[in-house]
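Chains, contacts and geometry: an overview
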Amino acid sequence: MPEIFVARSEQLGEGARQFIEHAGQQIGVMRVQGRLVAYLNVCPHQGGPVCEGMMIHRVEEVIDEDRCYQGMRFDPQTLHIVCPWHGWEFDAATGASAGDGQWSLRRFEVLERAGEIYVQV
Ligand code: FES
C-alpha cells in the first residue's frame, strides 16, 4: 500500500496537526493522547473541514445515586474533534461520531518509524 510522508516525529507533538494532499483531497494527521491518527478532512455531515475543528474533551452529565442531575463535566479520557461548520463531534481517537454511531470519519493507517511519520493511502 502506498505511503505518503507526513512529517518528522518531533514536528507532530501532542495536539499538533499536519495536512497532506492525496488524490485531490486533504488528510488531517494528528497525535491524540499519544497515538497518531489520520482522517479524511471531509465531515460526513455536509463535507466540512472537520480536521480543522477545535478539540475539546467530551462533555458528560453527572447524575447522582438518587438519579438527580448534578451538572456537567469534562471527561479527561475522551477528546473530541468538533467540525467547524455545524458542530458535529467525533471521537478524536477513533473517528466515531459522538452523536450517532452510524457516522464516522474516514480513517487512514499511520506509521511512525525511524523518526518519521507516514500515512498509508
Ligand atoms: S459539515 Fe460537519 S457538522 Fe456539518
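To be clear, the structure that these remarks concern was listed above.
Now for a description of the structure that goes with this document. Because the structure is predicted, anything quoted here is derived from the model rather than measured. (Residues numbered from 1 in each chain as written. Predicted model: local features only at pLDDT ≥ 70, side-chain atom pairs only at ≥ 80, totals over all residues. Heavy atoms only, no water.)

1. With respect to unusual backbone geometry
Residue Gln-33 is not a glycine yet carries a positive backbone phi of 50°. Overall, Gln-33 belongs to the partly exposed group, its relative accessible area being 41%. Backbone geometry at Arg-67 places phi at a positive 65°, although glycine is not the residue there. Looking at where Arg-67 falls in the secondary structure, it is placed in the loop between strand E5 (55-63) and strand E6 (69-82). (Buried < 20%, exposed > 50% of the residue type's maximum accessible area, 1.4 Å probe, protein only. Helix = DSSP H or I, 4+ residues; strand = E, 2+ residues; numbered from the N terminus.)

2. Regarding the side chain of Glu-60
Relative to the elements of secondary structure, Glu-60 occurs in strand E5. Classification of Glu-60 by relative accessible area gives buried; the value is 17%. Of note is the side chain of Glu-60, whose polar atom sits 2.9 Å from the side chain of Arg-58. Each residue touching Glu-60, except ones within four places of it in the same chain, is listed here: Gly-71, Met-72, Arg-73 and Asp-75. (Polar contact = N/O pair within 3.5 Å; in protein donor to acceptor, adjacent residues only side chain to side chain. Contact = heavy atoms within 4.5 Å.)

3. Description of the packing of aromatic side chains
Between two aromatic rings, the relevant description is the distance of the centres plus the angle of the planes. Inspection of the entire model under this criterion finds three aromatic pairs. Through successive ring pairs, a cluster of aromatic residues spans Trp-88, Phe-90 and Trp-103. Lying over the aromatic face of Tyr-118, Arg-113 brings its terminal NZ or CZ to 4.5 Å of the ring centre. (Phe/Tyr/Trp six-rings, centres within 6.5 Å; stacked < 30°, edge-to-face > 60°. Lys NZ or Arg CZ within 6 Å of the ring centre and 35° of its normal.)

4. Overview of the sheet that holds E5
Sheet architecture is open: three strands sit in the order E5-E6-E7, paired in antiparallel fashion. Single-partner strands in this sheet number two, and they are E5 and strand E7 (89-91). Strand after strand, the sheet turns through a mean of 50° between neighbouring axes, direction not considered. Here E5 runs beside E6; their pairing, made up of eight bridges, is antiparallel. Of the residues in E6, the one forming a bridge with Ile-63 is Tyr-69. (Pairing = 2+ DSSP bridges. Axes fitted to C-alpha atoms, helices over the stretch in contact; angles between N-to-C directions.)

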